[in-house]
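# Summary of the model geometry
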Amino acid sequence: MPTFQSTTLALALIAASHITIRCIRPPNATAPSHPKNRPSDKGGQEKPRDRIRFITGLLPLLGAHILRLAFFYQAVTVLLWTTSPTDTSYLSYICPGRQNLDPAIFTWSPTTIISLLAIASGGALRLSAYGGLGPNFTFHLAQPDQLITDGVYGYLQHPSYSGLVLIEAGTVPLILRWDAAAAGCWMEAWMRETVSGKGMVLVLLGVVVTGVFVTVRVSDEERMLRGRFGKVWEDWHRRTAKFVPGLW
């Protein structure tokens, strides 16, 4: 039977899923066409170089659907969670591999609290970047009509990536692990033994891949903005942090 604690945690997971989905789906399909960006009689401006455009299409939409299902399944499992080893509730029907799950992520604990706070703070940061750039925020590179240097952009040059990393840091220990509902509930004993100890390898691989993609995209963005705004961009770039105020 759901308790107050299980209900509030399940609702928090649903809220976290909405934040996460909102932040990994593009807010705009394409950037608006500004007069300075339209082709001229001389051929127009050079098209921005976008080396990771290939991950801005169906991949975010597919990831959004997968995460939505994973969060929802986790929330339902939390509602039915019990610490009784002889549990015969509906949980045994929707989660045959209950013994594979880590109780720390199905109850209010330091893990769930920190993870949810990371998702909430990362979502606030990334959505503020969405709002700051408005229709100019797209997942592929497009030259904006003006350089935004106020709001969150008065402190960070790339707040959307800082927010995305925080969301990832909260989602991985909460949802994307072997002993979470989406994976653990359906693992056989031999499968559990096979993947045991390999989770950290995948996490490190994800960190490396994310770091490479962010580094490449930031490089392409900065090259485009420097060419578009010149000294205005250089002055702003000099007085603001890239990802973390006062640190980096």
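The shown structure was predicted, so the numbers you read here are calculated from the model rather than taken from an experiment.

### With respect to the pattern of salt bridges
- As enumerated under the stated definition, the model contains eight salt bridges in all.
- For the salt bridge of Lys 231 with Asp 235, the shortest nitrogen-to-oxygen distance reads 2.9 Å. Here Lys 231 pairs with Asp 235, and both are found in helix α9 (residues 231–239), just four residues apart, close to one helical turn.
- Note that Arg 238 is salt-bridged to Asp 235, the shortest N-O span being 3.0 Å. Residue Arg 238 and its partner Asp 235 are both found in helix α9; the two are separated by three residues, about one turn of the helix.
- Classification of Arg 238 as exposed rests on a relative accessible area of 61%.
- The exposure class assigned to Asp 235 is partly exposed, which follows from its relative accessible area of 24%.

### Some remarks on the nonpolar core
- The biggest cluster of nonpolar side chains holds 26 residues, and the ones touching the most others in it are Leu 13, Phe 71, Phe 106 and Leu 174.
- Counting residues per element, the ones that place at least two in this core are α1 (4–24), α2 (58–79) and α4 (110–133).
- Top contributing element to this core by residue count: α2, with seven residues.
- What Leu 13 contacts, discounting residues up to four positions off in sequence, is Phe 71, Gln 74, Ala 75, Val 78, Leu 116 and Leu 174.
- By size, the runner-up hydrophobic cluster in this structure holds 17 residues, among which are Phe 137, Val 152, Leu 156 and Phe 229.

### A look at the environment of Arg 192
- For Arg 192, the location among the structural elements is in helix α7 (residues 189–195).
- Remark: the alpha-carbon pair of Arg 192 and Phe 106, spanning 86 residues in sequence, is separated by 19 Å.
- Once residues lying within four places of it in the same chain are set aside, the contact partners of Arg 192 are Asn 100, Trp 178, Asp 179 and Met 187.

### A word on the confidence of the model for the chain
- For the chain, the average pLDDT comes to 88, and 90% of its residues sit at 70 or higher.
- Mean pLDDT per element in the chain: helix α3 (residues 91–94) is the minimum at 88, and α4 is the maximum at 97.
- Overall, residues 37–44 carries pLDDT values under 50, and its contacts beyond four positions in sequence, including any with other chains, amount to seven contacts.

### Observations concerning a nonpolar patch on the surface
- Together, Met 200, Val 203, Leu 204 and Val 207 give the surface a local cluster of nonpolar side chains, amounting to about 360 Å² of exposed area.
- Along the polypeptide, Val 203 turns up in helix α8 (residues 199–229).

### Quick notes on the UniProt feature "signal peptide" (unreviewed entry) in the chain
- In this numbering, the UniProt entry assigns the feature "signal peptide" (unreviewed entry) to residues 1–23.
- For residues 1–23, the helix share is 87%, the strand share is 0%, and the end-to-end C-alpha distance is 33 Å.

### A few points about the UniProt feature "transmembrane region" (unreviewed entry) in the chain
- Residues annotated by UniProt as "transmembrane region" (unreviewed entry) correspond here to residues 57–81 and 199–218.
- End C-alpha to end C-alpha, residues 57–81 measures 37 Å, and it is 88% helix and 0% strand.
- For residues 199–218, helix accounts for 100% and strand for 0%, while the C-alpha atoms at its two ends are 28 Å apart.

### Section: α8
- For α8, which comprises 31 residues, the first-to-last C-alpha distance of 44 Å matches the rise-based estimate of 45 Å (1.5 Å per residue) to within 8%.
- When α8 is considered as a whole, its buried residues turn out to be Val 214, Arg 217, Val 218, Asp 220, Glu 221, Glu 222, Met 224, Leu 225, Arg 228 and Phe 229.
- On its buried face, α8 sits against α5 (159–171) and α9.
- Just downstream of α8, Gly 230 is the residue with a positive phi angle, here 60 degrees.

### Some thoughts on the environment of Tyr 73
- Its place among the elements puts Tyr 73 in helix α2.
- Given the relative accessible area of 17%, Tyr 73 is considered buried.
- When the C-alpha atoms of Tyr 73 and Ser 6 are compared, they prove to be 14 Å apart, with 67 residues separating the residues in sequence.
- Once residues within four sequence positions are removed from consideration, Tyr 73 is found in contact with Ile 94, Cys 95, Ala 181, Ala 182, Cys 185 and Trp 186.

### Comments concerning the packing of α1 against α5
- Their axes nearest at 11 Å, the elements α1 and α5 cross at an angle of 140 degrees. Viewed along their axes, α1 and α5 adopt a mutual orientation that is oblique. When you trace α1 past α5, the crossing you get is left-handed. Contacts from Thr 20, Cys 23 and Ile 24 in α1 reach Leu 164, Ile 167 and Thr 171 in α5.

Each value, and the rule that gives it
- Residues numbered from 1 in each chain as written.
- Predicted model: local features only at pLDDT ≥ 70, side-chain atom pairs only at ≥ 80, totals over all residues.
- Heavy atoms only, no water.
- Salt bridge = Lys/Arg side-chain N within 4 Å of Asp/Glu carboxyl O.
- Helix = DSSP H or I, 4+ residues; strand = E, 2+ residues; numbered from the N terminus.
- Buried < 20%, exposed > 50% of the residue type's maximum accessible area, 1.4 Å probe, protein only.
- Core = buried A, V, L, I, M, F, W, Y, C linked by side-chain atoms within 4.5 Å.
- Contact = heavy atoms within 4.5 Å.
- pLDDT = per-residue confidence, 0-100.
- Patch = residues over 30% accessible without salt bridge, like charges linked within 9 Å, V, L, I, M, F, W, Y side chains within 5 Å.
- Areas by Shrake-Rupley, 256 points an atom, 1.4 Å probe, with all protein chains shown as cover.
- UniProt positions renumbered as here; feature names shortened; annotations may be inferred.
- Expected span 1.5 Å × (residues − 1).
- Axes fitted to C-alpha atoms, helices over the stretch in contact; angles between N-to-C directions.
- Parallel < 35°, antiparallel > 145°, perpendicular 65-115°, else oblique.
- Left-handed = near helix turned anticlockwise from the far one by under 90°.

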